[in-house]
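For reference, the chains in residue letters:
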Amino acid sequence: CWQAAAEKGDVQAQFEAACCHLSGLGCPADPARANEWFLKAAEGGHIDAQAALGHRYSAGEGFEPDEAAANKWLRAAADGGHYEAAYELGLRLAAGTGCVPDPAAAVDRLRQAAAHGVAAAQFALAQRYEVGEGVEQDAR
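Described in the following lines is the structure provided in the data block. (Residues numbered from 1 in each chain as written. Predicted model: local features only at pLDDT ≥ 70, side-chain atom pairs only at ≥ 80, totals over all residues. Heavy atoms only, no water.)

1. Some points on the overall build of the protein
Working step 1: Assigned secondary structure in the protein consists of eight helices and zero strands.
Working step 2: Written out in order from the N terminus, the α and β elements of the protein read α-α-α-α-α-α-α-α.
Working step 3: In the protein, which comprises 140 residues, the share counted as buried stands at 37%.
Working step 4: Across the protein, every contact between residues at least 6 apart in sequence was considered, and the portion connecting residues at least 24 apart equals 38%. (Helix = DSSP H or I, 4+ residues; strand = E, 2+ residues; numbered from the N terminus. Buried < 20%, exposed > 50% of the residue type's maximum accessible area, 1.4 Å probe, protein only. Contact = heavy atoms within 4.5 Å.)

2. Notes on the pattern of salt bridges
Working step 1: In the structure shown here, the tally under the stated rule is six salt bridges.
Working step 2: The partner of Arg56 in a salt bridge is Glu61, with the nearest N and O atoms 3.0 Å apart.
Working step 3: For Arg56, a relative accessible area of 7% puts it in the buried group.
Working step 4: Here Asp79 ties to Arg109 by a salt bridge, and the two come within 2.8 Å at their closest N and O atoms. Here Asp79 is found in helix H5 (residues 67–79), whereas its partner Arg109 is found in helix H7 (residues 103–114), with 30 residues between them in sequence.
Working step 5: Of the residues examined, Arg109 reaches a relative accessible area of 14% and is grouped as buried. (Salt bridge = Lys/Arg side-chain N within 4 Å of Asp/Glu carboxyl O.)

3. Points about the packing of aromatic side chains
Working step 1: Evaluated as defined, the whole model comprises two aromatic pairs.
Working step 2: With a centroid separation of 5.9 Å and 55° between ring planes, the pair formed by Phe15 and Phe38 is classed as tilted. Here Phe15 is found in helix H2 (residues 11–23), whereas its partner Phe38 is found in helix H3 (residues 31–43), with 23 residues between them in sequence.
Working step 3: The exposure class assigned to Phe15 is buried, which follows from its relative accessible area of 14%.
Working step 4: Here Phe38 falls in the buried class, since its relative accessible area comes to 2%.
Working step 5: Summarising the aromatic geometry, the rings of Tyr57 and Phe63 are spaced 4.0 Å apart at their centres and angled 20° between planes, so their arrangement reads as stacked. (Phe/Tyr/Trp six-rings, centres within 6.5 Å; stacked < 30°, edge-to-face > 60°.)

4. Here's the deal with helix H6 (residues 83–95)
Working step 1: Taking 1.5 Å of rise per residue, the 13 residues of H6 would be expected to cover 18 Å, and the 19 Å separating its terminal C-alpha atoms lies within 8% of that figure.
Working step 2: Those residues of H6 hidden inside the fold are in contact with helix H4 (47–59), H5, H7 and helix H8 (119–131).
Working step 3: Note on H6: the residue one or two positions beyond its end, Gly96, has a positive phi of about 80°. (Expected span 1.5 Å × (residues − 1).)

5. Observations regarding the side chain of Gln14
Working step 1: Note on placement: Gln14 falls in helix H2.
Working step 2: Polar side-chain contacts of Gln14 include one of 3.2 Å to the backbone oxygen of Ala6.
Working step 3: Apart from the residues lying within four places of it in its own chain, the contact partners of Gln14 are Ala6, Gly9, Trp37, Lys40 and Ala41. (Polar contact = N/O pair within 3.5 Å; in protein donor to acceptor, adjacent residues only side chain to side chain.)

6. Examining the nonpolar core
Working step 1: Of all hydrophobic cores here, the largest spans 18 residues; its most connected members are Phe38, Ala49, Leu53 and Tyr57.
Working step 2: In terms of residues, this core owes the most to one element, H3, which gives five residues.
Working step 3: In this structure, Leu53 is in contact with Phe38, Leu39, Ala42, Phe63 and Trp73, ignoring residues within four places of it in sequence.
Working step 4: In this structure, Ala78, Val107, Ala113 and Ala114 belong to the second largest nonpolar core, which totals eleven residues. (Core = buried A, V, L, I, M, F, W, Y, C linked by side-chain atoms within 4.5 Å.)

Below, the structure written as structure tokens:
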């Protein structure tokens, strides 16, 4: 079981415990307990837990919706190499979700994700080049 290792501070086990508590796999479903484990794993640097917290804060799943907190955790995940989080953060920076709109920073995050094969980021980046949003316009 993941619980023993999670309680000893193993961040992968903390993430797995969060997933189990979220889904009810092997234990009763308990979203509040899942969030506690996601937070511990995220604070320990687990990028999937950081991305999960970003989504959960944005959606208000077990937390009051908090777009700034969502961005904090998505940024941490993206900085750690979670490219889907980089894509999502790029969209949020472009739209000003939980922050002041920053088209140039949005493009940087979209580039990060696009360079690692996130197709949706490649498309979003192409759209920005087409209209010159955060980059010099280049419709080629």
